[in-house]
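# A closer look at the structure
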Amino acid sequence: MRFSYSNRSKPRGGSWESAPEVLGEPAVTREADVVVIGGGISGLTAAVHCAQLGLSVIVAEKRAESVHRGRYIGIVPKGADKKLFAKRWLRACGSRVNEELLWKYIDRSASALDWLVGLAEGSAEAVPCENIFREKEIGAMPGDHFLRPVGDRYRSEGGALALEILEDALARLGGALCRDVTAMELEKDETGRVVSFFGTASGMPCRFTGRKAVILAAGDCGRDEEMLERLSPLSLKAGKNGSRNTGDGQKMAYRIGAELDGLYWAPYFGCGAFSPYSFYFTSVNRDGRRFMNEDTSETAKARHCMNQRGGDCAFAICDDKWYDELCAGRSVTGGPSTMPEPGLTRGEIEAECGENMFRADTLEELAEMIGVPADALVKTAARVNELAAAGEDADYGKRPALLTTIERAPFFAFRWGPELRCTFGGAVVDADMRVYDPDDEPIPGLYAVGCCAGGLFAVGYPSVLAGSAMGSAVTLALAAAEAVAAK
Ligand SMILES: Cc1cc2nc3c(=O)[nH]c(=O)nc-3n(C[C@H](O)[C@H](O)[C@H](O)COP(=O)(O)OP(=O)(O)OC[C@H]3O[C@@H](n4cnc5c(N)ncnc54)[C@H](O)[C@@H]3O)c2cc1C
């Protein structure tokens, strides 16, 4: 028997495996061609595109306001080496991804970003983040973009701007965004087609009907500890949790008979639990010991940190030269999420790091401030200085250009730590984002997009292209809308 997870396989003891309490007759009812559950980046993208394709659409959103904290959108640019990209993604994800989904992302993400920017009608632009391109070092490929406003029509930037643009476009196209609406249970008609959801609207029982389709876009399950324990236990190791979603889409999909990703769901870790940056300087654990090459991807650094004693934080250690070294190292290293944006002054970076930056006249004092053994920190600094003098990191293989010394007082420590950003795991889908049951049959009327859909990330955030969570969410949500409209 093959391994799968659905309401026909062995229960995993999750409370979501039983249906929620019946709420009584709906006091609020709404109907459209398409109902989208979740007004985040994937849900709004699907909704706007459905509206462009002539369908009436309602987005049901749990929250009273839009919430977004992602910054970068990763797309595979025209002219990129697509085969190399695919090879690296597959390797990074343990060869366990749905290659049809991957190739749709690869082939269509550049035009998806053009589509998103086009919705802004000249009032936003997508700027490529060149400094993250580190193919030779960590296999990261270019294509990461940052959205920023042009003129004063929009106020935000990054992922928040994407939401602002999408909400604006949805309103222009006549779609409805209904806030304070929580979907709780999907419903089928007598033919077995998913046609509606039952939930609450401002606390009142409600039913929203999607005549052609219901699209699940309720995000990840990072805020549901019980789901993490059973489906993504590694996620619980991060000291900080940046996710806001409780796996509602996956829970509803499970109960309506969808197959969910079978093995453990992939966590996406960043390093921003304390200071926003992890830098490339020598990092030490709570024992004052260096433990990794500090010049790898953010996800890898977070994982290495979690494997240390305590595991909630590490300290990037540097000396009085740190700001000059940071500026010099920028041409070698990259990665907007581990390094401050170009142009930030020393004072601005210090202010951002706040109480997570420590400064002392001696290494012994610094060790005391950050709570690590002084002799170990002094020993680590001596070893790092030795490696820098030799011009080779014989311990962990950091590139010579990034080997710095720790010798000139005052000394500094920046505390950073792993944070969970979201999980990737959900309904098994095809490249039209149709949700499947355990017999490999699509469930009529049901689609899933964004973190609600499984199959693309498998074991972890691959770090082949920064911003690929939002990049793939937009690309594949467009595909879902087209598939719905084609029905
Ligand atoms: C700190 C941080 C930084 C990040 N940085 C990046 C980055 O730079 N680049 C990148 O690509 N990704 C980044 N991410 C990840 C990215 O934000 C997610 O991958 C992306 O938002 C997923 O989109 P989504 O539409 O699936 O989910 P979301 O954007 O989370 O949207 C889901 C929506 O569904 C709503 N919802 C949930 N349950 C229900 C329900 N029952 N009924 C109705 N509505 C519901 C939620 O309120 C939410 O608005 C970051 C995440 C964090 C936390």
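Above this note sits the structure.
Below is a short write-up of the structure. It should be emphasised that the depicted structure is a prediction, and the values quoted were computed from it without experimental measurement.

## Observations regarding the nonpolar core
- Counting residues in hydrophobic clusters, the biggest one holds 137 residues, and the most contacted among them are Ile37, Phe85, Trp89, Leu186 and Phe197.
- A domain-level breakdown of this core finds at least three residues from each of domain 1 (15-266 + 423-486) and domain 2 (282-417).
- With 17 residues, the next largest nonpolar core counts Phe358, Ala367, Ile370 and Phe411 among its residues.

## With respect to the side chain of Thr299
- Tracing the backbone through its elements, the reader meets Thr299 in helix α8 (residues 298-306).
- Of note is the side chain of Thr299, whose polar atom sits 3.3 Å from the side chain of Ser463.
- Every residue in contact with Thr299, bar those within four places of it in the chain, is listed here: Phe269, Tyr461 and Ser463.

## Structural notes on the pattern of salt bridges
- In total, this model carries 38 salt bridges according to the counting rule given.
- Between Lys251 and Asp224 there is a salt bridge; the shortest N-O distance is 2.6 Å. Residue Lys251 is located in helix α7 (residues 248-255), and its partner Asp224 is located in the loop between β9 (204-216) and α6 (225-231); the two are separated by 27 residues in the primary sequence.
- For Lys251, a relative accessible area of 14% corresponds to the buried category.
- For the salt bridge of Asp320 with Arg346, the shortest nitrogen-to-oxygen distance reads 3.8 Å. Taken together, the residues Asp320 in the loop between β13 (314-319) and α9 (322-329) and Arg346 in helix α10 (residues 346-353) connect sequence positions 26 residues apart.

## Re the sheet that holds strand β11 (residues 266-270)
- Taken in spatial order, the 3 strands make up an open sheet running β10-β16-β11, and their pairing is mixed. Two strands bound the open sheet, and with one partner strand each, they are β10 (240-241) and β11.
- Summarising the sheet, β10 and strand β16 (residues 419-424) pair through 2 bridges and their orientation is parallel. In the sheet register, Lys240 faces β16, and the bridge partner there is Glu419.
- Across the sheet, α8 lies against β11 and β16, angled at about 95° from β11, the strand it touches most.

## Some thoughts on the packing of helix α1 (residues 41-52) against helix α13 (residues 468-486)
- Where α1 contacts α13, the two axes come as close as 8 Å, and the packing angle between them is 35°. Relative to α13, α1 is oriented so that their crossing is right-handed. In contact with Ile41, Ser42, Thr45, Ala46, His49 and Cys50 of α1, α13 contributes Met470, Ala473, Val474, Ala477, Leu478, Ala481 and Glu482.
- Partitioned by chemical class, the residues of the contact of α1 with α13 number 9 nonpolar, 3 polar and 1 charged.

## Let's talk about the pairing of strand β1 (residues 28-37)
- In the sheet, β1 pairs with β9 via 9 bridges, with the strands oriented parallel. Along β9, the bridge assignment pairs Val34 with Ala213.
- By the bridge criterion, 4 bridges tie β1 to strand β2 (residues 57-61) in an arrangement that is parallel. By the bridge assignment for β2, Val36 is matched with Val59.

Procedures and definitions
Along each chain, residue indices are assigned from 1 in the same order as the chain's sequence is written. Per-residue local features are limited, in this predicted model, to residues with pLDDT of at least 70; the limit for side-chain atom pairs, both in listing and counting, is 80 or more; totals at the level of whole chains, interfaces and linings are taken over all residues. The basis for the side-chain values is all heavy atoms of the structure; hydrogens and waters are excluded. Throughout this description, the term nonpolar core refers to a set of buried Ala, Val, Leu, Ile, Met, Phe, Trp, Tyr and Cys residues connected via side-chain atoms within 4.5 Å. The classification of residues rests on relative accessible area computed with a 1.4 Å probe and restricted to protein chains. Under 20% of the type maximum is buried, over 50% is exposed, and intermediate values are partly exposed. How far each domain reaches was decided by an automatic or database domain assignment. A helix here means a DSSP run of H or I that spans at least four residues, while a strand means a run of E at least two residues long, and both kinds are numbered starting from the N terminus. Here a polar contact is recorded for every N or O atom pair within 3.5 Å, except that within protein the pair must consist of a potential hydrogen donor and a potential acceptor, and residues adjacent in sequence are included only if both atoms are side-chain atoms. It only takes one pair of heavy atoms within 4.5 Å for two residues to be counted as in contact. For salt bridges, the criterion is a side-chain nitrogen of Lys or Arg within 4 Å of an Asp or Glu carboxyl oxygen. Any two strands with at least two DSSP bridges between them are considered paired. Inter-axis angles, ranging from 0 to 180 degrees, are taken between N-to-C directions of lines fitted to C-alpha atoms, where helices are fitted over the stretch in contact. Take the far helix as the reference: if the near one is turned anticlockwise from it by less than a right angle, the crossing is left-handed, and if turned clockwise, right-handed. Ten residue types, Ala, Val, Leu, Ile, Met, Phe, Trp, Tyr, Cys and Pro, are classed as nonpolar, four, Asp, Glu, Lys and Arg, as charged, and the remainder, Gly among them, as polar.

Spatial relationships are all this shows, so hold off on functional conclusions.
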